[in-house]
Amino acid sequence: MSCPSPRPSKTLRFGVGIAAAAVLTAVPAYRAVASAADGTTASDGALDRPVSPFDEGRPAVDRLDPALLAAVRQATLDARRDGVEMQLNSGWRSPRHQQHLLDEAVAEHGPDEARRQVLTPDRSSHVTGEAVDVGPVEADRWLQRHGTAYGLCQVYANEIWHFELRTVPGGSCPPQLPDASAS
């Protein structure tokens, strides 16, 4: 859907088990990013590759909520000090791009499974600029451990890459929802 597939050899090299690698590879949000061929463009927030949260001039970055962007940028700097490179696989998305991702999920998985993975444009935090999808997997894991220091919380249990500002820096994150259908 919106995030590139992790390379299996890299996933395994960083100690994520074979079962986890299989799950992560199968999750739609880690598939190829949208391109002009599917009707979405950079102006819709589509990314052709992962980008730095410091990569200005891209609507996916520039249209993020300023507080979220500041938190992600600070987390990126701190993660780098720990040897972890953090990138954005997705950020702000236009309603058109979000709808395309939903339509794609419905076509691939059917409506019930699609609801677990992709919200409608009127309910998606990506459309309001209040969510980011982070990668690679080691960056996701780093944010799971340290995100609360920045107010960043993993929202859905089935999306290790999806983070939103859900607490004050140093606070506690609310319980994760099982998936997007629980929103």
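Residues numbered from 1 in each chain as written. Predicted model: local features only at pLDDT ≥ 70, side-chain atom pairs only at ≥ 80, totals over all residues. Heavy atoms only, no water.

K.L.:
Help me understand helix α4 (residues 66-81), please; the structure alone is not making it clear to me.
P.N.:
The periodicity of an α-helix, 3.6 residues per turn, causes residues three or four places apart in sequence to face the same way. Between the first and last C-alpha of α4 there are 23 Å, a value that for 16 residues agrees with the 22 Å anticipated at 1.5 Å per step. Turning to α4, its buried residues number three or more, namely Leu-68, Leu-69, Ala-71, Val-72, Arg-73, Ala-75, Thr-76, Asp-78 and Ala-79. The backbone nitrogen of Ala-67 lies 3.1 Å from a side-chain oxygen of the residue at the head of α4, namely Asp-65. Looking one or two residues past α4, Gly-83 carries a phi angle of roughly 85 degrees, positive in sign. (Helix = DSSP H or I, 4+ residues; strand = E, 2+ residues; numbered from the N terminus. Expected span 1.5 Å × (residues − 1). Buried < 20%, exposed > 50% of the residue type's maximum accessible area, 1.4 Å probe, protein only. Polar contact = N/O pair within 3.5 Å; in protein donor to acceptor, adjacent residues only side chain to side chain.)

K.L.:
Would you mind going over the environment of Val-106 with me for this structure?
P.N.:
Looking at the secondary structure, you find Val-106 in helix α5 (residues 95-109). Overall, the relative accessible area of 34% leaves Val-106 in the partly exposed class. Residue contacts for Val-106: discarding those within four places in its chain leaves Pro-111 and Ala-114. (Contact = heavy atoms within 4.5 Å.)

K.L.:
What is the right way to read the packing of aromatic side chains from this model?
P.N.:
What describes a pair of aromatic rings is the distance from one ring centre to the other and the angle between the planes of the rings. Under the definition given, this model contains one aromatic pair. Both rings, one in Trp-142 and one in Tyr-150, keep their centres 6.1 Å apart while their planes meet at 35 degrees; by these two values the pair is tilted. Looking at Trp-142, the relative accessible area reads 3%, which means it is buried. We note Arg-63 situated over the ring of Trp-92; from NZ or CZ to the ring centre the distance is 4.2 Å. (Phe/Tyr/Trp six-rings, centres within 6.5 Å; stacked < 30°, edge-to-face > 60°. Lys NZ or Arg CZ within 6 Å of the ring centre and 35° of its normal.)

K.L.:
For this particular structure, what's the right way to read the environment of Ser-52?
P.N.:
Relative to the helices and strands, Ser-52 is located in the loop between α2 (18-26) and α3 (59-62). Along the chain, Ser-52 and Asn-89 lie 37 residues apart, while their C-alpha atoms are 9.0 Å from each other. At a separation of 2.9 Å, a polar atom in the side chain of Ser-52 contacts the main-chain amide nitrogen of Phe-54.

K.L.:
How should I be thinking about the side chain of Ser-125 in this particular structure?
P.N.:
Looking at where Ser-125 falls in the secondary structure, it is placed in the loop between α6 (111-117) and β2 (132-135). Overall, Ser-125 belongs to the buried group, its relative accessible area being 15%. When near neighbours in sequence (up to four residues on either side) are disregarded, Ser-125 contacts Glu-130, Ala-131 and Glu-164.

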